[in-house]
Amino acid sequence: MNLYMGKMLVVDLSAESVTTEPLRAEWLREYWGAWGLALAYYTDAVSPEVDPLAPENAVVIMTAPLCGTLVPLASRMCLVSKSPHTGTIFESNVGGSFGPELKYAGYDGIIIKGRASSPVFLKIDDDRVSIECAEHMAGQGIFETEKLMEAAMGAHGAKTLAIGPAAENLITYSMIGSESYRQFGRGGTGALFGSKNLKGIVCRGTGGVRVADMARFLERTDHYTKNDLLCDDNLWAKTDGTPILVEVTNEMGIHPTRNYTKGFNGRKDRLNSDAIQAAKLGNRACASCPMACGKFTRVNSAEIEGPEYETLCLGGSNCEVHDLEAVIRFNRLCDDLGLDTMTCGSTISLAMEMTENGVHDFKLRFGQVDEYLKVVYEIATLSTERGRDLAKGAKHLAAKYGAEDLSMEVKGLEMPAYEPRGNFGMGIAYATSERGACHLRAFPIFATDPHDIDALVSDVVDAQNANSIKWSLGFCDFWGTINTTIEADLMSAGLGEAVSAEELDQAGERIWTLSRLFNLAAGFTAADDTLPKKIMERPLEAGRHEGRVFSRPDLARAIQSYYQLRDWSAKGIPSSRKLAALGLDKKTL
Ligand code: SF4
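Residues numbered from 1 in each chain as written. Predicted model: local features only at pLDDT ≥ 70, side-chain atom pairs only at ≥ 80, totals over all residues. Heavy atoms only, no water.

## Focus: the site of the ligand
Near the ligand, the surroundings consist of L73, R76, A285, C286, C289, M291, C293, C476 and F478. Broken down by class, the residue content of the shell around the ligand amounts to 8 nonpolar, no polar and 1 charged. (Near = heavy atom within 4 Å. Nonpolar A, V, L, I, M, F, W, Y, C, P; charged D, E, K, R; others polar.)

Structure, rendered in structure tokens:
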């Protein structure tokens, strides 16, 4: 097959079996790859009522059609399952080189079911695939686990996915690390592996990806690389990477500070792109990427690839920690122990506000570095009472102590680092995202009027559909100017079949709508399409939008407008007309 390997790896850890099955060709032009195809496989295999941490749950890891080719920024890989953190359908994606390696080994994706009776790891060495004992890796951090798996493969440069102690302890915001500093970061992907006693996966592949017409494929790839990717709108990723957003969001007044109390951090200079550049050691790129947006930094003995913007804000400004060395140490601890820095930072900032407000004394205070770093280890290892409390995430921590008005999450997922009172579009994006508060579904921070609800609803719907297909084709977020016309042309050249922008647009809407159907079947309702109380009731302090709230009536109007635009009912249920148009009317969940 062109672009696809034509084969799925099926791992049943309860039965200790590894088999292969042909890729479901009938799904390819409906779901295309990565997010879409993983969603199709997952919803076909698992009931929406499944307990995410039960052996009956499945985890689907899927590459994308252009992954492993020379098309730049196209090698991200997705994981789809039901989240143990939110109970929603959940897609998470990772860059690096594991995706291409899996295809070079001969597989488009992996379906993982069941639960091993003791810790194991999966070894994929082309067509030699085995389930191996990982008892000697139990309790090890991600960095060491990856080294041990690479050594077990006996091949330097084998690609790895691994979990740390946080995931073994089933912490619902634990993550899966890859190549040390890349992650399936959000939603508790690590706990999914942990619940299956799966410590990691190591992969080595020696094959390649076939394209229909190499000359045309290379010509098209070269054309779009020179004339679209490497333009001013995208080159920030190469020069600055995501830390550039520290200045951008402060200027916009949407930089969460002090657990989303303020929209501006007066000490941003300690954490901005200039501070990162001063600490920079070098760059790192994902496979086939000329941008190399990853920045290695060091302050004194603290070293990391990063920190990325979300960590600088949620582990820095939002905790009022303005010490770059401390944020690097926080980032490194999370990356090794296996915690999502966003949820971890947000939960710590909540505990800081609860302490300062006298709700409960966690001995965590804004700007206080020692306890902030200590508690990360306590969370991952569940070694203290406050660690066990914070390991539940913001929603459950707030509920336990009656502080729901301070918890900054949607559908249980802690908010990213863009303040919705300063940009209603981000609020609409968070409220309607299938996986809870997320900035990777729609990102309207550059809207002309950040409070024009009608225009922002339309922007959010368009972006959600566009990103659904963009992630399904494996593209990185940072090719910001790509569109379905470019994607269709590259796919046509690789597949040797005509692919239209219109069918990709429709696939994006199909993927978004199927995710909605899963969440409805899992028990979510329109009442869950909402925002934290603090956003709706407490005026923002500091910054350009000081005094703003995103009021309940404004949000209700935005949500109804969103449903109408999507042809969903007032209760947020897709119409039968829409389902038929998307070919989802016969879909059973
Ligand atoms: S821009 Fe950055 S995250 Fe995206 S593919 Fe390139 S190196 Fe990876």
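## Comments concerning the sheet that holds strand β6 (residues 109-113)
The sheet built from 6 strands is open, its strands ordered β2-β1-β6-β3-β4-β5 with mixed pairing. A strand with exactly one partner marks an edge of an open sheet, and here the two such strands are β2 (17-22) and β5 (89-94). Across the sheet, the mean angle from the axis of one strand to that of its neighbour is 20°, orientation sign disregarded. Inspection of the sheet shows strand β1 (residues 7-12) paired to β2 by 6 bridges, in the antiparallel sense. Looking across to β2, one finds that L9 is bridged to T20. Sitting on the sheet, helix α2 (residues 34-45) touches β1, β2, β3 (59-62), β4 (77-82), β5 and β6, and the angle it makes with β4 is about 30°. (Pairing = 2+ DSSP bridges. Helix = DSSP H or I, 4+ residues; strand = E, 2+ residues; numbered from the N terminus. Axes fitted to C-alpha atoms, helices over the stretch in contact; angles between N-to-C directions. Contact = heavy atoms within 4.5 Å.)

## Looking at the state of the cysteines
This structure, assessed with the given rule, holds 0 disulfides. Left without a disulfide partner, C67 is nearest to the cysteine sulfur of C78, which lies 10 Å away. For C67, a relative accessible area of 0% gives the class buried. Of all cysteine sulfurs in the structure, the one in C319 sits closest to C313, which takes part in no disulfide; the separation is 9.2 Å. On the accessibility criterion, C313 (0% relative accessible area) is buried. (Disulfide = S-S within 2.5 Å. Buried < 20%, exposed > 50% of the residue type's maximum accessible area, 1.4 Å probe, protein only.)

## Thoughts on helix α20 (residues 501-521)
Compared with an ideal rise of 1.5 Å per residue, which puts 21 residues at 30 Å, α20 spans 31 Å between its outermost C-alpha atoms and is within 8% of the ideal. Counting buried positions along α20 gives 15 out of 21 residues, so the element sits mostly inside the fold. Of the residues trailing α20, G523 is marked for its positive phi of about 110°. (Expected span 1.5 Å × (residues − 1).)

## Overview of the packing of aromatic side chains
Each pair of aromatic rings is reported with the distance of its centres and the angle of its planes. Applying the stated criterion across every chain yields a total of 15 aromatic pairs. For the ring pair W236 and F478, a centre distance of 5.1 Å and an interplane angle of 70° mean the geometry is edge-to-face. Pair noted here: W236 is in helix α8 (residues 236-239) and F478 is in the loop between α18 (453-472) and α19 (484-495), with a separation of 242 residues, a long-range link. Taking the relative accessible area as the measure of exposure, W236 reaches 24% and is therefore partly exposed. (Phe/Tyr/Trp six-rings, centres within 6.5 Å; stacked < 30°, edge-to-face > 60°.)

## What to know about a negative patch on the surface
There is a patch of like negative charges on the surface, built from D449, D452, D459 and D462. The residue D452 is located in the loop between α17 (424-432) and α18 in this model. Here D452 falls in the partly exposed class, since its relative accessible area comes to 32%. (Patch = residues over 30% accessible without salt bridge, like charges linked within 9 Å, V, L, I, M, F, W, Y side chains within 5 Å. Areas by Shrake-Rupley, 256 points an atom, 1.4 Å probe, with all protein chains shown as cover. Salt bridge = Lys/Arg side-chain N within 4 Å of Asp/Glu carboxyl O. Lys, Arg positive; Asp, Glu negative; His and termini not counted. Charge placed at Lys NZ, Arg CZ, Asp CG, Glu CD.)

## With respect to the nonpolar core
One recurring pattern in soluble globular proteins: nonpolar side chains tend to sit buried together. Core analysis: the largest hydrophobic core is formed by 158 residues, its most contacted members being W32, L339, I348 and Y372. Ranked by the residues each element gives to this core, the list is headed by α2, at 8 residues. Formed by 28 residues, the second largest nonpolar core is a distinct cluster that contains L161, A167, F193 and I201. (Core = buried A, V, L, I, M, F, W, Y, C linked by side-chain atoms within 4.5 Å.)

## Quick look at the packing of α17 against helix α22 (residues 552-566)
Two quantities define a packed helix pair, namely the angle between the axes and the distance from one axis to the other. At a closest axis distance of 11 Å, the pairing of α17 and α22 adopts a crossing angle of 65°. In the crossing of α17 with α22, the sense of the turn from one axis to the other is right-handed. Contact residues: α17 offers F424, I428, A431 and T432, while α22 offers D554, L555, A558, I559 and Y562. (Left-handed = near helix turned anticlockwise from the far one by under 90°.)

## Here we look at α18
In an α-helix, one turn spans 3.6 residues, which is why side chains three or four residues apart end up on the same side. The first and last C-alpha atoms of α18 sit 28 Å apart over 20 residues, in line with the 28 Å expected at 1.5 Å per residue. Phi turns positive one or two residues past the end of α18, at G474, with a value near 80°.

## Some details on the pattern of salt bridges
Opposite charge on two side chains allows them to pair when their charged atoms are near. The full count for this structure, using the stated rule, is 40 salt bridges. The closest approach of N and O atoms between E497 and R29, which form a salt bridge, is 2.7 Å. Placement of the pair is E497 in the loop between α19 and α20 and R29 in helix α1 (residues 25-31), with a sequence separation of 468 residues. According to the relative accessible area criterion, E497 is partly exposed, its value standing at 39%. By relative accessible area, R29 is classed as partly exposed at 32%. With a closest N to O distance of 3.2 Å, E353 and R538 form a salt bridge. Linking E353 in helix α13 (residues 341-356) with R538 in the loop between α21 (533-537) and α22, this pair joins segments that are 185 residues apart in sequence. Put simply, D125, D127, R128 and R204 are held in one network by salt bridges that share partners.

Everything listed is a geometric property; what it means functionally is a separate question.
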